[in-house]
Amino acid sequence: MTGHRQAAVALHALADADRGLILEQLAPADQSLLRGYLDELTALGFEPDRSTPPLAPGAPSRQAGLASASAAAMFGLLEHEPVALVAEVLALQPWSWSAGLLALYHPARREAIAAVQAAPAPARARFVLESLTARLTQAAVPAAAPAPSSPFETLWRRVTSWRP
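Residues numbered from 1 in each chain as written. Predicted model: local features only at pLDDT ≥ 70, side-chain atom pairs only at ≥ 80, totals over all residues. Heavy atoms only, no water.

Q: Mind showing me how you'd approach the packing of helix α6 (residues 83-92) against helix α8 (residues 107-115) here?
A: Between two packed helices, what matters for the description is the angle formed by their axes and the separation of those axes. For the pair α6 and α8, the least separation of the axes is 8 Å and the interaxial angle reads 60 degrees. The angle between α6 and α8 places the two elements in the oblique class. Between α6 and α8 lies a crossing of right-handed hand. Across the interface between the two elements, Val-83, Val-86, Ala-87 and Leu-90 of α6 pack against Arg-109, Ala-112 and Ile-113 of α8. Within the contact of α6 with α8, the residues separate by chemical class into six nonpolar, no polar and one charged. (Axes fitted to C-alpha atoms, helices over the stretch in contact; angles between N-to-C directions. Helix = DSSP H or I, 4+ residues; strand = E, 2+ residues; numbered from the N terminus. Parallel < 35°, antiparallel > 145°, perpendicular 65-115°, else oblique. Left-handed = near helix turned anticlockwise from the far one by under 90°. Contact = heavy atoms within 4.5 Å. Nonpolar A, V, L, I, M, F, W, Y, C, P; charged D, E, K, R; others polar.)

As structure tokens, this is what we get:
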């Protein structure tokens, strides 16, 4: 069995949405060939095993926080990340904050990000989305100020705050 046929058998077992996500990542020639093999499996009467859970359950809800984020918040998360990672994040979908994020970068870095052709694999894309969502959520929770342990410490903080 050829590699494309084996891939088609593996893809046939996936949920339609997951199969589509994977196929989108491939070159058009590979997509066409695999879709032909998938059609052949269906024509032969092979039913997909729907007992396999989807690869990306609840993906839209996971992305909701990122989709509604501001450019400044995303810049805070991605400012020191490698150019390739920033390009991958921007390639995941047309974010409302993409243009604003790029505008916050220095022109040379902005050009470097634009020069990267990024199309992350589905598993990597899922990992990046989950990581950014977690970091965004963590950044939104304000850190509680530590409670002073004694009245002297409270006085000391007040006095030191007045000094230059």
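Q: So what exactly am I meant to see when it comes to helix α2 (residues 16-24) here?
A: Structural remark: α-helix, 3.6 residues per turn; residues separated by three or four positions point the same way. Those residues of α2 not exposed but buried are Asp-18, Arg-19 and Leu-23. Angular distribution of buried residues about the axis of α2 spans 135 degrees; they occupy a single face of the element. For α2, exposure combined with an orientation more than 90 degrees from the buried face picks out Ala-17 and Glu-24. Tucked into the core, α2 has its buried residues touching α1 (3-12) and α3 (28-43). (Buried < 20%, exposed > 50% of the residue type's maximum accessible area, 1.4 Å probe, protein only. Arc of directions from axis to C-beta.)

Q: For this particular structure, what's the right way to read the packing of aromatic side chains?
A: Each pair of aromatic rings is reported with the distance of its centres and the angle of its planes. Applying the stated rule across the entire model yields two aromatic pairs. Where Phe-75 meets Tyr-105, the ring centres are 5.0 Å apart and the plane angle is 70 degrees; that geometry is what we call edge-to-face. Of this pair, Phe-75 sits in helix α5 (residues 71-78) while Tyr-105 sits in the loop between α7 (98-104) and α8, and the two are 30 residues apart along the sequence. Across this residue pair, the class does not change: Phe-75 and Tyr-105 are buried. (Phe/Tyr/Trp six-rings, centres within 6.5 Å; stacked < 30°, edge-to-face > 60°.)

Q: Help me understand the packing of α1 against α3 in this model?
A: The interhelical angle for the contact between α1 and α3, taken along N-to-C directions, is 60 degrees, at an axis separation of 9 Å. The handedness of the crossing between α1 and α3 comes out as right-handed. Here His-4, Arg-5, Ala-7, Ala-8, Val-9, Leu-11 and His-12 of α1 lie close against α3, whose contacting residues are Asp-30, Leu-33, Leu-34, Tyr-37, Leu-38, Glu-40, Leu-41 and Thr-42. Within the contact of α1 with α3, the residues separate by chemical class into nine nonpolar, three polar and three charged.

Q: When you look at the confidence of the model for the protein in this model, what are you seeing that I'm missing?
A: Close inspection of predicted coordinates is inappropriate in any region flagged by low pLDDT. With 80% of its residues at a pLDDT of 70 or more, the protein shows a mean pLDDT of 80. For the protein, per-element mean pLDDT is lowest for helix α4 (residues 59-67), which scores 62, and highest for α7, which scores 93. Predicted confidence is poor over residues 55-61, with pLDDT under 50, and the contacts of this stretch with residues over four places away or in other chains come to eight contacts. (pLDDT = per-residue confidence, 0-100.)

Q: I keep staring at the pattern of salt bridges and nothing clicks. Help me out?
A: A side chain of one charge can pair with a side chain of the opposite charge when the charged atoms of the two come close. Applying the stated criterion to the full structure yields four salt bridges. Between Asp-16 and Arg-19 there is a salt bridge; the shortest N-O distance is 3.0 Å. Of the two residues, Asp-16 and Arg-19 are both situated in helix α2; the distance of three residues between them amounts to about one turn of the helix. For Asp-16, a relative accessible area of 52% gives the class exposed. Taking the shortest distance from any N to any O, the salt bridge between Glu-88 and Arg-124 comes out at 2.7 Å. Residue Glu-88 is located in helix α6, and its partner Arg-124 is located in helix α9 (residues 122-140); the two are separated by 36 residues in the primary sequence. Residue classification places Glu-88 among the buried positions, given a relative accessible area of 14%. Judged by its relative accessible area of 42%, Arg-124 falls in the partly exposed class. (Salt bridge = Lys/Arg side-chain N within 4 Å of Asp/Glu carboxyl O.)

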